[in-house]
Amino acid sequence: MGPHWGTHFSRNNYYRGAGFKEMTNFSAYLPMQTSALQRRMHEADEMQKICELAAPAIRTELNALNLLKTICRLESSFGKDCSARFEPAYYPGGFYFKKSTMLQEGWDRYGSLVSFSYGPFQILWVKASELGYPLSNHPLDLWNGYYSSPYVVELLNDLGIRGIKSLEDVLAAYNGGMGALKRPTDATKRYITNGIAIYGRL
């Protein structure tokens, strides 16, 4: 079963991180105004808090907090750009779209929005959905790190269950999927190199 940290989200412009509260006594209500969705960024101190709240749930031999911060720096310059990014392989006609019933069902409801990755960790809508993100929740809600980070945690824990534990392999799989472990693209190789350097400086 997928994570439920972010299920207490309401369309009256507030989101409550209930699972985070259970782990860290965090109980603040966070504004989710339309302007915030357009802004699509987190300040550095807020991004630090998101990572600190999520890190204890990651089961890894690595430094969980630094792993999250590394991925966040690689994906969004530590929350400075949480804008949605189009992923053509998840668009109709793309390699993964044809294989995924979930993507096809999501397309019927949300159209091209299911073909994007979102938020400070740039998690794919379909990957979050596979990990328990409800179909009834709008893809754009994933831009918010408080809301999307539980699914990033689940993704990283799933990699650990699969035996992917070294920093290099975790970065490869996060960026390019399981296939990148054996055949990384040049872009994934750069991602790994940059990620190892960032992790080493933290």
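Being a predicted model, the structure only gives us computed values, none of them experimental.

Enquirer: Pulling in residues and values, what's your account of the nonpolar core?
Expert: In this structure, Leu68, Ile71, Phe121, Trp125, Leu156 and Tyr174 are the most contacted members of the largest nonpolar core, which totals 50 residues. If you tally residues by element for this core, the top one is helix 7 (residues 145-161), at eight residues. Ignoring sequence-local partners within four residues, the contact set of tyrosine 174 consists of Ile71, Glu75, Phe121, Val152, Leu155, Leu156, Leu159 and Tyr191.

Enquirer: Just give me the short version of the sheet that holds strand 5 (residues 116-118), but keep the residues and values in it.
Expert: Strands belonging to one sheet form pairs held by backbone hydrogen bonds; the direction of such a pair is parallel or antiparallel. An order of 4-5-6 is seen for the three strands of this open sheet, with the pairing classed as antiparallel. If you trace the sheet from one side to the other, it starts and ends with strand 4 (85-86) and strand 6 (123-124), each paired once. Bridging between strand 5 and strand 6 involves two bridges; their strand directions are antiparallel. Its bridge partner being in strand 6, tyrosine 118 is matched across the sheet by isoleucine 123.

Enquirer: I'd love a proper account of the packing of aromatic side chains, names of residues and values included.
Expert: Inspection of the entire model under this criterion finds nine aromatic pairs. Taken together, a centroid distance of 5.3 Å and an interplanar angle of 85° make the contact between tyrosine 91 and tryptophan 107 edge-to-face. With tyrosine 91 in the loop between strand 4 and helix 5 (101-110) and tryptophan 107 in helix 5, this residue pair connects regions lying 16 residues apart in the sequence. Here tyrosine 91 falls in the partly exposed class, since its relative accessible area comes to 34%. On the accessibility criterion, tryptophan 107 (26% relative accessible area) is partly exposed. We note arginine 73 situated over the ring of phenylalanine 78; from NZ or CZ to the ring centre the distance is 4.5 Å.

Basis of the calculations
- Residues numbered from 1 in each chain as written.
- Predicted model: local features only at pLDDT ≥ 70, side-chain atom pairs only at ≥ 80, totals over all residues.
- Heavy atoms only, no water.
- Core = buried A, V, L, I, M, F, W, Y, C linked by side-chain atoms within 4.5 Å.
- Buried < 20%, exposed > 50% of the residue type's maximum accessible area, 1.4 Å probe, protein only.
- Helix = DSSP H or I, 4+ residues; strand = E, 2+ residues; numbered from the N terminus.
- Contact = heavy atoms within 4.5 Å.
- Pairing = 2+ DSSP bridges.
- Phe/Tyr/Trp six-rings, centres within 6.5 Å; stacked < 30°, edge-to-face > 60°.
- Lys NZ or Arg CZ within 6 Å of the ring centre and 35° of its normal.

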